[in-house]
Amino acid sequence: MTALARPTDGRMIGGVCAALARRFGTSATTMRVIFLLSCLLPGPQFLLYIALWVLLPSENKARQAW
């Protein structure tokens, strides 16, 4: 598993799904489909996405911190 950081390449909106896909070893498309399917269920999925977008560092910033 890799560190949780939003990648600079392969992102569509904020890079949250791409970051989670890298972390758990799946494809970004699979993670995006899972997210879209989860939106059919009641819950705070969009708020969680926005929170992760704000809280997860960009890959460039994460490299500078190391």
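Here we summarise the structure given alongside this text. What you see is a predicted model, and the numbers here were worked out from it, not measured in a lab.

**As for the overall build of the chain**
Right, so step 1: Looking only at helices and strands, one finds four helices and zero strands in the chain.
Right, so step 2: Overall, the chain shows an N-to-C arrangement of helices and strands of α-α-α-α.
Right, so step 3: Across the 66 residues of the chain, 30% fall into the buried class.
Right, so step 4: Contacts in the chain between residues far apart in sequence, at least 24 positions, make up 45% of those at least 6 positions apart.

**Structural notes on the layout of surface pockets**
Right, so step 1: Approximately 230 Å³ is the volume attributed to the largest pocket.
Right, so step 2: Taken together, 14 residues line the largest pocket, and the ones lying closest to its centre are Ile 13, Cys 17, Arg 32, Phe 35 and Tyr 49.
Right, so step 3: Elements supplying a minimum of two residues to the lining of the largest pocket: helix H1 (16-24), helix H2 (28-38) and helix H3 (45-55).
Right, so step 4: Per-class residue counts for the lining of the largest pocket are ten nonpolar, two polar and two charged.

**Some remarks on the packing of aromatic side chains**
Right, so step 1: Scanning all chains against the criterion turns up three aromatic pairs.
Right, so step 2: On the basis of an interplanar angle of 40° and a centroid distance of 5.4 Å, the ring pair of Phe 35 and Tyr 49 is categorised as tilted. With Phe 35 in helix H2 and Tyr 49 in helix H3, this pair connects stretches of sequence that are 14 residues apart.
Right, so step 3: Ring plane angle 70° and centroid distance 6.2 Å describe the contact between Tyr 49 and Trp 53, whose orientation is recorded as edge-to-face. Of this pair, Tyr 49 and Trp 53 both sit in helix H3, four residues apart, roughly one helical turn.
Right, so step 4: Among the aromatic side chains, those forming a connected cluster through ring pairs are Phe 35, Phe 46, Tyr 49 and Trp 53.

**Some thoughts on the nonpolar core**
Right, so step 1: The biggest cluster of nonpolar side chains holds seven residues, and these are Val 16, Cys 17, Leu 20, Ala 21, Met 31, Phe 35 and Tyr 49.
Right, so step 2: Every element with two or more residues in this core is listed here: H1 and H2.
Right, so step 3: Setting aside residues no more than four positions away along its own chain, Val 16 makes contact with Arg 6, Tyr 49, Leu 52 and Trp 53.

**Details of the pattern of salt bridges**
Any two side chains of opposite charge can pair, so long as their charged atoms come close to each other.
Right, so step 1: Inspection of the entire model under this criterion finds two salt bridges.
Right, so step 2: Of the charged contacts in the structure, one is a salt bridge between Arg 22 and Asp 9, with a shortest N-O distance of 3.1 Å. Of this pair, Arg 22 sits in helix H1 while Asp 9 sits in the segment before H1, placing them 13 residues apart in sequence.
Right, so step 3: Residue class for Arg 22 comes out partly exposed when judged on its relative accessible area of 38%.
Right, so step 4: Across the pair Glu 59 and Arg 22 runs a salt bridge whose closest N-O atoms are separated by 2.8 Å. Residue Glu 59 is located in helix H4 (residues 59-65), and its partner Arg 22 is located in helix H1; the two are separated by 37 residues in the primary sequence.

Parameters at a glance
Within every chain, residues take consecutive numbers counted from 1 along the sequence as written. This being a predicted model, a pLDDT of at least 70 is required before a residue's local features are given, and a value of 80 or more before pairs of side-chain atoms are given or counted; all residues contribute to the totals for chains, interfaces and linings. Only hydrogens and water are set aside when side-chain values are computed; all heavy atoms of the structure are taken into account. Helix numbering and strand numbering both begin at the N terminus, where a helix is a DSSP run of H or I of at least 4 residues and a strand a DSSP run of E of at least 2. Working definition: with a 1.4 Å probe on protein chains only, accessible area under 20% of the residue-type maximum means buried, over 50% means exposed, and in between means partly exposed. By definition, residues are in contact when any of their heavy atoms lie within 4.5 Å. Lining residues are defined by having an atom within 4 Å of a point belonging to a cavity or pocket. Those points lie on a 1 Å grid over the protein atoms alone, cavities being sets where a 1.4 Å probe fits but cannot get out and pockets being open sets with protein on both sides within 12 Å along at least five of seven lines. Grid points are joined across faces, edges and corners, and a volume is the space filled by probe spheres set on the points. In this count, Pro and Cys sit with the nonpolar residues alongside Ala, Val, Leu, Ile, Met, Phe, Trp and Tyr, while Asp, Glu, Lys and Arg are called charged and the others, Gly among them, polar. By convention, a stacked pair of Phe, Tyr or Trp rings (six-membered ring in the case of Trp) has centres within 6.5 Å and planes under 30 degrees apart, an edge-to-face pair has planes over 60 apart, and any other such pair is tilted. Within this scheme, the nonpolar core is defined by two criteria: the residues are buried Ala, Val, Leu, Ile, Met, Phe, Trp, Tyr or Cys, and they are joined through side-chain atoms within 4.5 Å. Definition used for salt bridges: Asp or Glu carboxyl oxygen within 4 Å of a side-chain nitrogen of Lys or Arg.

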